[in-house]
Amino acid sequence: MTSEELLQKVRKIEIKTHGLSRNIFAGEYHSQFKGRGMAFSEVREYQPGDDVRSIDWNVTARLNKPYVKIYEEERELTVMLLVDVSGSRNFGTVSQMKRDTMAEVAATLAFSTIENNDKVGVIFFSDKVEKFIPPKKGKSHVLHIIRELLCFEPEDKGTDINAALQYLINAQKRRCTAFIISDLMDVQFDNTPSANGRGVAPIVIASRKHDLSAIQIYDRRDAELPNVGLLKVSDAETGKRIWADTALRSTREAYAKAWLKQQDALENVFQKTGINHVSLRTDEDYVKALMRLFKM
């Protein structure tokens, strides 16, 4: 992609997603995410009518008088986008590749963030964290993110979402709103203990520490095979190639069954961790999917 082609594509995505974020998502974003957290402000002496649950027992014991903690609503948010850049994103059979839809969804969320004067950052991950863009405000920052979404090429092709979640846990100390944007192909959420050595999966820790949501972006051929006879297919992440006879009904049914089994496993993980999620096909309207997610 030449510099001129990249600029044209950045501009095209900017026009489309900025308009959506301003005209459609701004209200939903503000009502659902703004002020969701409470930040500690100060302590003061207990007054009649104060909630006893707010008593700071350490200060009370030290000063021999009852003191309560005062909190203020957090109005400025940090939004983190965890974007999958593994090999499987370079696939699409209808209107565009998964990576293009991921870029548009991420750009829309980024513009929604700065429209509300919040900070947005990005973690690009494959089977490792490939790049971290620290959270900042401003349109120029979002345009930088869009350029990276369009042209960033990772070193590796595999997928390890645990690595991205562990990085989020370590890098973002204060509570934030985080979106996983991935096709969630061959993802294992619970096989990598966290760095604390207690064997707790990163997704469990991340979902407790942050407001975590997942946006699955997939192609229709991820879910079902067409009946086109003998077909040579390759794994975009491992490079493994096999022949599949799609004319056989049993082959197509086994493929569809494997997809449904994977979806059930993801649904189970999200239910256990309380993570809101939506699944979005590349040839579907992502506006409706994001509206569903915002309203969950």
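Residues numbered from 1 in each chain as written. Predicted model: local features only at pLDDT ≥ 70, side-chain atom pairs only at ≥ 80, totals over all residues. Heavy atoms only, no water.

### Overview of the overall build of the protein chain
Okay, step 1: When helices and strands are counted, the protein chain shows nine helices and 10 strands.
Okay, step 2: Looking at the protein chain as a whole, 46% of its 296 residues qualify as buried.
Okay, step 3: Considering only contacts in the protein chain between residues 6 or more positions apart, those separated by 24 or more positions represent 74%.
Okay, step 4: Looking at the protein chain as shown, the accessible area adds up to about 15500 Å², and 48% of this sits on carbon and sulfur atoms. (Helix = DSSP H or I, 4+ residues; strand = E, 2+ residues; numbered from the N terminus. Buried < 20%, exposed > 50% of the residue type's maximum accessible area, 1.4 Å probe, protein only. Contact = heavy atoms within 4.5 Å. Areas by Shrake-Rupley, 256 points an atom, 1.4 Å probe, with all protein chains shown as cover.)

### Here we look at the sheet that holds strand S7 (residues 211-218)
Okay, step 1: Read from one edge to the other, the open sheet built from six strands follows the order S5-S4-S3-S6-S7-S10, with strand pairing classed as mixed. If you trace the sheet from one side to the other, it starts and ends with strand S5 (129-136) and strand S10 (276-281), each paired once. This sheet shows a mean twist of 15° between the axes of neighbouring strands, independent of strand direction.
Okay, step 2: Note: strand S6 (residues 177-182) against S7, six bridges, orientation parallel. Residue pairing across strands places Ile-181 opposite Ile-215, the latter belonging to S7.
Okay, step 3: Each of S7 and S10 touches helix H8 (residues 249-273); the most contacted strand, S7, lies at about 170° to it. (Pairing = 2+ DSSP bridges. Axes fitted to C-alpha atoms, helices over the stretch in contact; angles between N-to-C directions.)

### Some details on unusual backbone geometry
Residues other than glycine predominantly adopt negative phi, and peptide bonds predominantly adopt the trans conformation.
Okay, step 1: Despite not being glycine, Asn-117 shows a phi value in the positive range, around 60°.
Okay, step 2: In this fold, Asn-117 is placed in the loop between helix H3 (98-115) and strand S4 (119-125).
Okay, step 3: We note that Leu-184 has phi near 55°; this positive angle belongs to a residue other than glycine.
Okay, step 4: Here Leu-184 is to be found in the loop between S6 and helix H6 (202-209).

### Points about the side chain of Asp-56
Okay, step 1: With respect to the element layout, Asp-56 can be found in the loop between strand S1 (38-45) and helix H2 (57-63).
Okay, step 2: Buried charge without a partner: Asp-56 forms no salt bridge, and the closest opposite charge is Lys-69, 4.5 Å away. (Lys, Arg positive; Asp, Glu negative; His and termini not counted. Salt bridge = Lys/Arg side-chain N within 4 Å of Asp/Glu carboxyl O.)

### A look at the environment of His-18
Okay, step 1: Within the secondary structure, His-18 sits in helix H1 (residues 3-33).
Okay, step 2: Residue classification places His-18 among the buried positions, given a relative accessible area of 14%.
Okay, step 3: Remark: the alpha-carbon pair of His-18 and Ala-110, spanning 92 residues in sequence, is separated by 8.9 Å.
Okay, step 4: Excluding residues within four positions of it along the chain, His-18 makes contact with Ile-13, Phe-111 and Glu-115.

### Re the pattern of salt bridges
Okay, step 1: Under the criterion given, the structure shown has 12 salt bridges.
Okay, step 2: Taking the shortest distance from any N to any O, the salt bridge between Lys-128 and Glu-155 comes out at 2.5 Å. Pair noted here: Lys-128 is in the loop between S4 and S5 and Glu-155 is in the loop between helix H4 (139-151) and helix H5 (161-171), with a separation of 27 residues, a long-range link.
Okay, step 3: Of the charged contacts in the structure, one is a salt bridge between Arg-221 and Glu-224, with a shortest N-O distance of 3.6 Å.
Okay, step 4: Via salt bridges that share partners, Lys-98, Asp-183 and Asp-222 belong to a single interconnected network.

### Some words on the nonpolar core
Okay, step 1: Core analysis: the largest hydrophobic core is formed by 37 residues, its most contacted members being Leu-81, Val-105, Leu-109, Ile-146, Phe-179, Ile-181 and Ile-215.
Okay, step 2: Sorting elements by how many residues they give to this core places H3 first, with nine residues. (Core = buried A, V, L, I, M, F, W, Y, C linked by side-chain atoms within 4.5 Å.)

Note that all results are geometric; they support no functional claim without further evidence.
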